[in-house]
Amino acid sequence: MRPIFLSLLVYAFASTSGFSDVLTYHNDAQRTGLNSNEINLTPANVNPATFGLLRNLSVDGQVYAQPLYVSSVSILVGTTFKGR
């Protein structure tokens, strides 16, 4: 199998409180990809100087995934707090 590269993007000027939850594939039930609550990413700050590829990671096989994000959820491993 050929390795597939997973691209990671950096979200410039984004604060934790500015993120909106992404609970489904492509952000909404219609799967349009629209995030109508987006306020941090604008044409002014999404440019090659402040936004872009961080690294490529090699994987074995195809990857069908989208990062999902839920705000204000505590992450516990056993009883140890690992973050929010």
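Residues numbered from 1 in each chain as written. Predicted model: local features only at pLDDT ≥ 70, side-chain atom pairs only at ≥ 80, totals over all residues. Heavy atoms only, no water.

Undergrad: Explain the overall build of the protein chain to me, please; I cannot follow it from the model alone.
TA: Each helix and strand counted, the protein chain has 0 helices and 4 strands in total. Taken from the N to the C terminus, the helices and strands of the protein chain come in the order β-β-β-β. Split into buried and exposed, the 84 residues of the protein chain put 12% on the buried side. In the protein chain, of all internal contacts separated by at least 6 residues, the share reaching a separation of at least 24 is 71%. Just so you have it, the protein chain exposes about 7000 Å², and 59% of that area is on carbon and sulfur atoms. (Helix = DSSP H or I, 4+ residues; strand = E, 2+ residues; numbered from the N terminus. Buried < 20%, exposed > 50% of the residue type's maximum accessible area, 1.4 Å probe, protein only. Contact = heavy atoms within 4.5 Å. Areas by Shrake-Rupley, 256 points an atom, 1.4 Å probe, with all protein chains shown as cover.)

Undergrad: Would you explain unusual backbone geometry in this entry?
TA: In terms of backbone geometry, most residues other than glycine have negative phi values and most peptide bonds are trans. One non-glycine residue with positive phi stands out, namely H26, at about 60 degrees. Along the polypeptide, H26 turns up in the loop between β1 (4–9) and β2 (53–59).

Undergrad: Sorry, what's going on with a nonpolar patch on the surface here?
TA: A cluster of nonpolar residues, L23, V70 and V73, forms a patch on the protein surface that exposes about 250 Å² of accessible area. You can see V70 is positioned in the loop between β2 and β3 (75–77). (Patch = residues over 30% accessible without salt bridge, like charges linked within 9 Å, V, L, I, M, F, W, Y side chains within 5 Å. Salt bridge = Lys/Arg side-chain N within 4 Å of Asp/Glu carboxyl O.)

Undergrad: I tried to follow the pairing of strand β4 (residues 80–83) on my own but got confused; where do I start?
TA: For a regular strand, side-chain orientation follows a simple rule: the groups alternate between the two sheet faces. Pairing geometry for β3 and β4, over 3 bridges, is antiparallel. Its bridge partner lying in β4, I75 is registered against G83. Linking β3 back to β4 in an antiparallel pair, the connection comprises 2 residues, with G78 at a positive phi of about 70 degrees. (Pairing = 2+ DSSP bridges.)

Undergrad: Honestly, the side chain of D28 in this entry has me stumped. Any pointers?
TA: The residue D28 is located in the loop between β1 and β2 in this model. Within the buried core, D28 has no salt-bridge partner, and the shortest N-O distance to an opposite charge, that of R31, equals 5.9 Å. Of note is the side chain of D28, whose polar atom sits 2.9 Å from the backbone nitrogen of R31. (Lys, Arg positive; Asp, Glu negative; His and termini not counted. Polar contact = N/O pair within 3.5 Å; in protein donor to acceptor, adjacent residues only side chain to side chain.)

Undergrad: Looking at this model, I keep getting lost on the confidence of the model for the protein chain. Mind explaining?
TA: The predicted coordinates of low-pLDDT regions are not to be read in fine detail. Looking at the protein chain as a whole, the pLDDT averages 74, with 77% of positions reaching at least 70. This stretch, residues 1–16, has a pLDDT under 50; its non-local contacts, to residues over four places away or in other chains, come to 44 contacts. (pLDDT = per-residue confidence, 0-100.)

Undergrad: Sorry, what's going on with the environment of G83 here?
TA: Mapped onto the elements of the fold, G83 is located in strand β4. The spacing of G83 and S72 is 11 residues in sequence and 9.7 Å in space, taken between C-alpha atoms. What G83 contacts, discounting residues up to four positions off in sequence, is V73, S74 and I75.

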